Amino acid sequence: MSDCLVCTRIGLTREGKNRYFVRELETGYVVLGDYQRFPGYTLFLCKRHATELHQLDKDFRSRFLMEMATVSEAVWHAFKPDKLNYELLGQGKGVHMHWHIFPRRAGDTPVPGPVWQLGAAGLNDAAFLPDDDTLAGMRDALNRELDRLL
């Protein structure tokens, strides 16, 4: 879908033009977040353009959820957070299902609570765009854990 931001990102991934791409799984794509305000922030993009879990057939949905859990475990081991936050969000042009997996650490926000309290400016500051070497190291760490778990 040309107006879906997630479909657009998947298209770039398939064309080899997504520098944040980590790995393709059966039901989705593992990508690192563009902004790494929370180091190790990872997304799992559903291969099917659907907005709700109940719109997926039972077998695909079960596999999608199992793969999301595996991706989350890989994030846990690769980035060693205190806690993981998981969110299946979507609004505007991003309603296509995609999991946000946030590695959380004590004191990572001024006040305990959801990452969204920081607002777009706090989450998407250019200071949190990883350079090529940092990004490569993060991809490698996540891929090593995915290899081990898969």
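In what follows, the structure referred to is the one given above.
Before going into details, it helps to say that this report is about the structure given with it. Because the structure is predicted, anything quoted here is derived from the model rather than measured. (Residues numbered from 1 in each chain as written. Predicted model: local features only at pLDDT ≥ 70, side-chain atom pairs only at ≥ 80, totals over all residues. Heavy atoms only, no water.)

Re the nonpolar core
By size, the foremost hydrophobic cluster in this structure holds 26 residues, and its most contacted members are Val30, Leu32, Phe44, Phe64, Val71 and Leu142. Counting residues per element, the ones that place at least two in this core are strand S2 (28-32), strand S3 (42-46), helix H2 (58-79), strand S5 (98-104) and helix H4 (132-149). The biggest single contributor to this core is H2, with eight residues. When near neighbours in sequence (up to four residues on either side) are disregarded, Phe64 contacts Thr27, Phe44, Cys46, Leu53, Leu56, Met97 and Trp99. By size, the runner-up hydrophobic cluster in this structure holds 14 residues, among which are Cys4, Ile10, Val31 and Phe38. (Core = buried A, V, L, I, M, F, W, Y, C linked by side-chain atoms within 4.5 Å. Buried < 20%, exposed > 50% of the residue type's maximum accessible area, 1.4 Å probe, protein only. Helix = DSSP H or I, 4+ residues; strand = E, 2+ residues; numbered from the N terminus. Contact = heavy atoms within 4.5 Å.)

Looking at H4
Compared with an ideal rise of 1.5 Å per residue, which puts 18 residues at 26 Å, H4 spans 26 Å between its outermost C-alpha atoms and is within 8% of the ideal. Among all positions in H4, only Leu135, Met138, Ala141, Leu142, Asn143, Glu145 and Leu146 are buried. Against the buried residues of H4 lie strand S1 (21-24), S2, S3 and H2. Measuring from the side-chain oxygen of the N-cap residue of H4 to the backbone nitrogen of Asp133 gives 3.2 Å; that N-cap residue is Asp131. (Expected span 1.5 Å × (residues − 1). Polar contact = N/O pair within 3.5 Å; in protein donor to acceptor, adjacent residues only side chain to side chain.)

Observations regarding the packing of aromatic side chains
The geometry of an aromatic ring pair is captured by two quantities: the separation of the ring centres and the angle between the planes. For the coordinates displayed, the defined rule picks out six aromatic pairs. With centroids separated by 6.5 Å and ring planes inclined at 15°, the aromatic side chains of Phe60 and Phe64 adopt a geometry described as stacked. Taken together, the residues span about one helical turn, with Phe60 and Phe64 both in helix H2 at a distance of four residues. The pair Phe60 / Phe64 is uniform in exposure class, with both members buried. Following the ring pairs from residue to residue traces out a cluster consisting of Phe38, Tyr41, Phe102 and Trp116. (Phe/Tyr/Trp six-rings, centres within 6.5 Å; stacked < 30°, edge-to-face > 60°.)

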